[in-house]
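Summary of the model geometry
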Amino acid sequence: MPISSYLKDRQWSKLLEFLRTDPKVKVGNPAKLRIFVEASFWMLRAGCAWRLLPREYGHWNTIFKRFNAWSQNGVWIRLFDFSVEEPDLEYVSLDTTIVRAHACSAGYGKDSQAEEALGRSRGGFSTKIHAKVDALGNPLELRLTGGNVSDIKCASDLIEDDIGRKILADKAFDSNDFLIQGLMNDCEMVVPPKKNRNLQREYDEHVYQDRHVIECFFGKIKHFRRVFSRFDKAARNYFSFVCLASTHVWLR
């Protein structure tokens, strides 16, 4: 049975360029390394238990241990950072999306729910992905929290390096501290005011319509079953899959 390939030769060449320079990666035989990366993409797409990984990729436990080691060493995060190339920074958009957590994702450690980005919200345990994308909907920054954490929680970190840009976000980001931070960075805050504000602010409604690009981004990464439903106990492993899916968006 031939191995399913998720990477074109052009895409693999770009990833290999990074992997050769990362201090935590031993390339060895590039062909074997590609099979491991392809196996990781298969798991990302299928979303099944590691034991069901096709034998053609190698023994499932060997693949899992290497994937987990890369997660612990931050390789998948650095791979995503490397894939971000020439973003369109005419404006950036912020938003969050909720991911339901399967029962098998619980129990990593006693009282470790918050640590492992699990929170009880409507419908049970869930995880929340916080994201910032460029004007074309390509991901720039990602964060992970429990599903019960407010949208505004990671907003300050996400726009920390944005100077003089338009920042698009929905009403959930209508916070005085967040707006002041953006204004101090000389940013134009395109955020509609909440209805309970005594003084309704004006915002560029025409530009705000372009905020749909971040919803499109969430739609793209949720095509991968390992993202739209969380099965991983360790937050680092789930976040690694989110980074891998986001890397794929840049490689398209």
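Please read all numbers here as calculations on a predicted model, not as lab measurements. (Residues numbered from 1 in each chain as written. Predicted model: local features only at pLDDT ≥ 70, side-chain atom pairs only at ≥ 80, totals over all residues. Heavy atoms only, no water.)

Before going further, it helps to examine the state of the cysteines. Summed over the entire model, instances satisfying the criterion amount to 0 disulfides. Its sulfur unpaired, C104 is 11 Å from the next cysteine sulfur, which belongs to C48. Residue C104 is classed as partly exposed on the basis of its relative accessible area, which comes to 33%. You can see C187 has no disulfide; the closest cysteine sulfur is in C154, sitting 18 Å from it. (Disulfide = S-S within 2.5 Å. Buried < 20%, exposed > 50% of the residue type's maximum accessible area, 1.4 Å probe, protein only.)

Most of strand β1 (residues 91-101) is tucked away, with 9 of its 11 residues classed as buried. One ladder, built from 3 bridges, connects β1 with strand β5 (residues 166-168); its direction is parallel. Along β5, the bridge assignment pairs V92 with I167. By the bridge criterion, 8 bridges tie β1 to strand β3 (residues 124-133) in an arrangement that is antiparallel. Each bridged residue has a counterpart across the sheet, and for T97 the counterpart in β3 is I129. Where β1 meets strand β7 (residues 229-230), 2 bridges bridge the pair, whose relative direction is parallel. (Helix = DSSP H or I, 4+ residues; strand = E, 2+ residues; numbered from the N terminus. Pairing = 2+ DSSP bridges.)

For D95, the position within the fold is in strand β1. D95 sits in the buried class, given a relative accessible area of 4%. Within the structure, the side chain of D95 is placed 2.9 Å from the side chain of R211, a separation counted as a polar contact. (Polar contact = N/O pair within 3.5 Å; in protein donor to acceptor, adjacent residues only side chain to side chain.)

Residue position: D22 is located in the loop between α1 (9-19) and α2 (30-46). When near neighbours in sequence (up to four residues on either side) are disregarded, D22 contacts V75 and R78. (Contact = heavy atoms within 4.5 Å.)

For E86, which is not glycine, the phi dihedral falls at a positive 50°. In this fold, E86 is placed in the loop between α4 (75-83) and β1. Given the relative accessible area of 74%, E86 is considered exposed. In this structure, A117 takes a positive phi of about 55° despite not being glycine.

Per the counting criterion, the structure on display carries 14 aromatic pairs. When the ring of W50 is compared with that of F67, the centres are 5.5 Å apart and the planes differ by 55°; the resulting orientation is tilted. In this pair, W50 sits in the loop between α2 and α3 (60-72) while F67 sits in helix α3, placing the two residues 17 residues apart along the sequence. Pair check on accessibility: W50 and F67 agree, each one buried. (Phe/Tyr/Trp six-rings, centres within 6.5 Å; stacked < 30°, edge-to-face > 60°.)

Bear in mind that shape data such as this cannot, by itself, settle questions of function.
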